[in-house]
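What follows is the residue order along each chain.
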Amino acid sequence: MIATAASTIAIAVIAIGGAVPAESATTYSAPLRTAVKSLPVAAESNSGYDRDRYFGQWKDLNKDCQNTRQEVLLQETRITARYTSTKRCNVKSGKWITSWDNRTHTSATTVQIDHTVPVHEAWGSGAKKWTQAKRVAFYNDITDKRTLNAQTSALNSAKGARGPEQWLPPKNRCAYVTSWVAVKKRWGLTVDATEKAALTRLAAACPNVTVTVVRQ
């Protein structure tokens, strides 16, 4: 009877609440609008920011001579990549369709690797308090493909360190917003009030897809 009663209560909660975030020690999963609502609000503080000092550069974490930039290019190419030398350390060509503009690239030199949540933004939203190891892990996160992506160089430069409240890509904006929220949830980053308002407005106009992340 106890088990049956508990099951009945659980079903009732789901039926009434609809979008109940599924949480564990390492995983978060909820509809997009619920995920946005759950983002903690705090003023962004960027004092002391130094990208090279606190985040470093692309790393070759698995010691195969391919650093994080090369790993992302290899993850996202639609055809077999070619390299600049027989050592196969640096990617020369492939086929990348950049999600911000749906443009096709065949030369690695025409794309940059974008941090969906810019490093400057991350610093001011909580990374300032992280360990150095965690900041380096964020900078080189290739485990969750929403953190880093190849994008058209000019668009990446145009975005700079701005968030969705100040800049949106010309294409696939809902996917971009969803990835932004996912990265913030994955890394436990805060949002400021203006950012939260923009994300709330944008998410309301997008499909209420499920956002699932493994927390870091």
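If you're wondering where the values come from, they're calculated on a predicted model, not measured in any experiment.

Rules of the game
- Residues numbered from 1 in each chain as written.
- Predicted model: local features only at pLDDT ≥ 70, side-chain atom pairs only at ≥ 80, totals over all residues.
- Heavy atoms only, no water.
- Helix = DSSP H or I, 4+ residues; strand = E, 2+ residues; numbered from the N terminus.
- Buried < 20%, exposed > 50% of the residue type's maximum accessible area, 1.4 Å probe, protein only.
- Areas by Shrake-Rupley, 256 points an atom, 1.4 Å probe, with all protein chains shown as cover.
- Disulfide = S-S within 2.5 Å.
- Phe/Tyr/Trp six-rings, centres within 6.5 Å; stacked < 30°, edge-to-face > 60°.
- Pairing = 2+ DSSP bridges.
- Contact = heavy atoms within 4.5 Å.
- Axes fitted to C-alpha atoms, helices over the stretch in contact; angles between N-to-C directions.

1. Regarding the overall build of the chain
Helix and strand counts for the chain come out as nine helices and eight strands. Going through the 216 residues of the chain one by one, you find that 43% of them count as buried. A total accessible area of about 11200 Å² is found for the chain, and carbon and sulfur atoms account for 56% of it.

2. A short note on the state of the cysteines
A full pass over the atoms with the stated rule returns two disulfides. Between the sulfur atoms of C65 and its disulfide partner C89 the distance amounts to 2.1 Å. Handedness here is read from the sign of the S-S torsion; for C65 and C89, about -110°, the answer is left-handed. Residue C65 is located in the loop between α3 (51-54) and α4 (68-76), and its partner C89 is located in the loop between β3 (82-83) and β4 (91-98); the two are separated by 24 residues in the primary sequence. C65 sits in the partly exposed class, given a relative accessible area of 33%. Judged by its relative accessible area of 17%, C89 is buried. The side chain of C174 participates in a disulfide bridge whose partner is C206; the two sulfur atoms lie 2.1 Å from each other. Its S-S torsion of approximately -85° makes the covalent link between C174 and C206 left-handed. You can see C174 sitting in helix α8 (residues 173-186) and its partner C206 sitting in the loop between α9 (193-204) and β8 (210-214), a full 32 residues away along the chain.

3. Examining the packing of aromatic side chains
Following the criterion strictly, the structure yields 12 aromatic pairs and no others. Taking the centre distance of 5.9 Å and the plane angle of 65° together, the rings of W130 and F138 count as edge-to-face. The burial state of W130 is the same as that of F138; both residues are buried. Feature note: the residues Y49, Y54, F55, W123, W130, F138 and W187 constitute an aromatic cluster, connected by ring pairs.

4. Comments concerning the sheet that holds strand β5 (residues 103-107)
What the three strands build is an open sheet, ordered β3-β4-β5; its pairing is antiparallel. Each end of this open sheet is capped by a strand with a single partner; those strands are β3 and β5. Taken together, the four bridges between β4 and β5 define a ladder with antiparallel strand orientation. Counterpart to I97 in the pairing with β5 is T104. Running over the sheet, α4 touches β3 and β4 and is turned about 55° from β4.

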